[in-house]
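Observations on the three-dimensional arrangement
The residues making up each chain are set out below.
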Amino acid sequence: MITRKRLANGACALLAALSVALLPTSATADEPVAKESPKVELVLDVSGSMRAKDIDGKSRMSAAKQAFNEVLDAVPEEVRLGIRTLGADYPGQDRKQGCKDTRQLYPVGPLDRTEAKTAVATLAPTGWTPIGPALLGAAKDLEGGDATRRIVLITDGEDTCAPLDPCQVAREIAAKGIHLVIDTLGLVPDAKTRQQLTCIAEATGGTYTSVHRTEDLSRRVRQLVDRAADPVVTPVATAGALRCADAPQLKPGLYTDRESFGQHRWYRVDLLPGQELRASVSVSADRAVNNDYGVLLRAVTRHGREIVRGSEAGDGRTDVISTGLRYPKPDLDDGPGDAKPAAETVCLQVSNSFSAPPSVKTTPGMPIELTVDVVDGPSAASDVASFGLGRGWWLLGVLVLVGFVAGLLWGWLSRWRVAVWRTH
């Protein structure tokens, strides 16, 4: 009898344990869902025009292969990377056949660097430039899941397979609402190529970059792949004013605007004592412009006194130019009462010195991207923004001390020599 009771109790306990294991617990339900790895597909143009030797004295294809090798070595572990080609297989003159010439060279997934590099090394400039079909294929390669998805298109010419307009293809991809961004890079592009690649990028919220050097290509592709691994920040559209008094009030974030040639745009940011303003601006030349240009970012007071500035100049080797600044506002000494310190209004001025031939339209203005951040101000001399010299204070102190000791020794030696001369 006792044995039967023990068996019954054991069976009940086992059933209870299984029930608890099968039913979802509150702790399990509250656990965060693992974030899906971001997906990136590099789409490389392998058409016949990639034989041209105008990038660092070597062919465009060689430059692309070198950049790919460097990029593959630096891909973050969490990124699922794939490679697709266009114009790599069909060398004939049949346009219908040439416009189907796109294939996935390496599947989107965990990266085997050796296998991917080997696949790229076998490529040779061959055929047509079916950009539209390649974009459709890349979008299909990235289907499924809720991961961040990005296509990076590298080409040296416009599509040769119209009427399938690649810009319209990009708009259709964007209309699906799948949050797929297409970034485009033009290798030594002409005006038509620049226009088409800019349209493709803008349709999906991506970026366009003109490339004339292997180093620039490698660096830009690495930036775009790394960006896929970071949380997506959606820029906020804003409209700068012609003077500070009418400027929009900005909080920390990423903003977009448009600026005409030689125009000044104003924005305002509030800064409390003990805080530091960090701002940067990028201006994109989305049309043909003259080679020499520059961008200026100034922080001034409401009364027009300049606080700090950042500037950068370009010579036509890239279509994006950027600069930035930092302004730490000193903290106030503790005063009587609990009065809250008043914020200072800092006016940010964005200016450019772009110019263009008379045939180029100046409207709408060029796209600009403004980043604003407000952080706790520095409290140590090691921070460059706080004391200007940063760690250079140590060197300055050593130099002063060495100079002082050298002066004492020189004075002592001079007096000793005089004393010796008088005794003799």
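Located above this text is the structure these notes cover.
Residues numbered from 1 in each chain as written. Predicted model: local features only at pLDDT ≥ 70, side-chain atom pairs only at ≥ 80, totals over all residues. Heavy atoms only, no water.

**A closer look at the pattern of salt bridges**
All told, the structure shown has 19 salt bridges when counted by the stated rule. The shortest N-O distance in the salt bridge between R243 and D246 comes to 2.6 Å. Overlapping salt bridges, with partners in common, bring together R213, E215, D216 and R219 in one network. (Salt bridge = Lys/Arg side-chain N within 4 Å of Asp/Glu carboxyl O.)

**Looking at the nonpolar core**
The biggest cluster of nonpolar side chains holds 35 residues, and the ones touching the most others in it are L44, I154 and L217. Counting only elements with at least two residues in this core, the list comes to β1 (39-45), α3 (60-74), β2 (80-86), β3 (102-109), α5 (113-121), β4 (149-155), β5 (180-187) and α9 (214-229). The leading source of residues in this core is α3, at 7 residues. Ignoring sequence-local partners within four residues, the contact set of L44 consists of M50, M61, A64, F68, R84, T85, L86, L123 and I154. Grouped together as the second largest cluster of nonpolar side chains are 26 residues, Y267, V295, Y327 and F354 included. (Core = buried A, V, L, I, M, F, W, Y, C linked by side-chain atoms within 4.5 Å. Buried < 20%, exposed > 50% of the residue type's maximum accessible area, 1.4 Å probe, protein only. Helix = DSSP H or I, 4+ residues; strand = E, 2+ residues; numbered from the N terminus. Contact = heavy atoms within 4.5 Å.)

**Side note on the pairing of strand β6 (residues 208-211)**
Here β6 shows two buried faces, one formed by Y208 and S210 and the other by T209 and V211. Relative to β6, β5 runs parallel, the two sharing 4 bridges. Across the sheet, T184 pairs through a bridge with Y208, a residue of β6. In terms of handedness, the path from β5 via helix α8 (residues 191-203) over to β6 forms a crossover that is right-handed. (Pairing = 2+ DSSP bridges. Right-handed = clockwise from strand over helix to strand, strands pointing away.)

**As for the state of the cysteines**
For the coordinates displayed, the defined rule picks out 3 disulfides. Here C99 connects covalently by a disulfide to C161, the sulfurs 2.1 Å from one another. Residues C99 and C161 are joined through a disulfide that is left-handed, its torsion about the S-S bond being -100 degrees. One end of the pair, C99, is in the loop between α4 (95-98) and β3; the other, C161, is in the loop between β4 and α7 (166-175), with 62 residues separating them in the sequence. Overall, C99 belongs to the buried group, its relative accessible area being 13%. Here C244 pairs with C347 through a disulfide, and the sulfurs are 1.8 Å apart. One quick way to see it: the torsion about the S-S bond of C244 and C347 is about -60 degrees, and its sign makes the bridge left-handed. Placement of the pair is C244 in the loop between β7 (236-237) and β8 (253-259) and C347 in strand β14 (residues 344-352), with a sequence separation of 103 residues. Taken individually, C244 and C347 each receive the classification buried, so the pair is uniform in this respect. By sequence-ordered numbering of the bonded cysteines, the protein has its disulfides arranged as 1-2, 3-4, 5-6. (Disulfide = S-S within 2.5 Å.)

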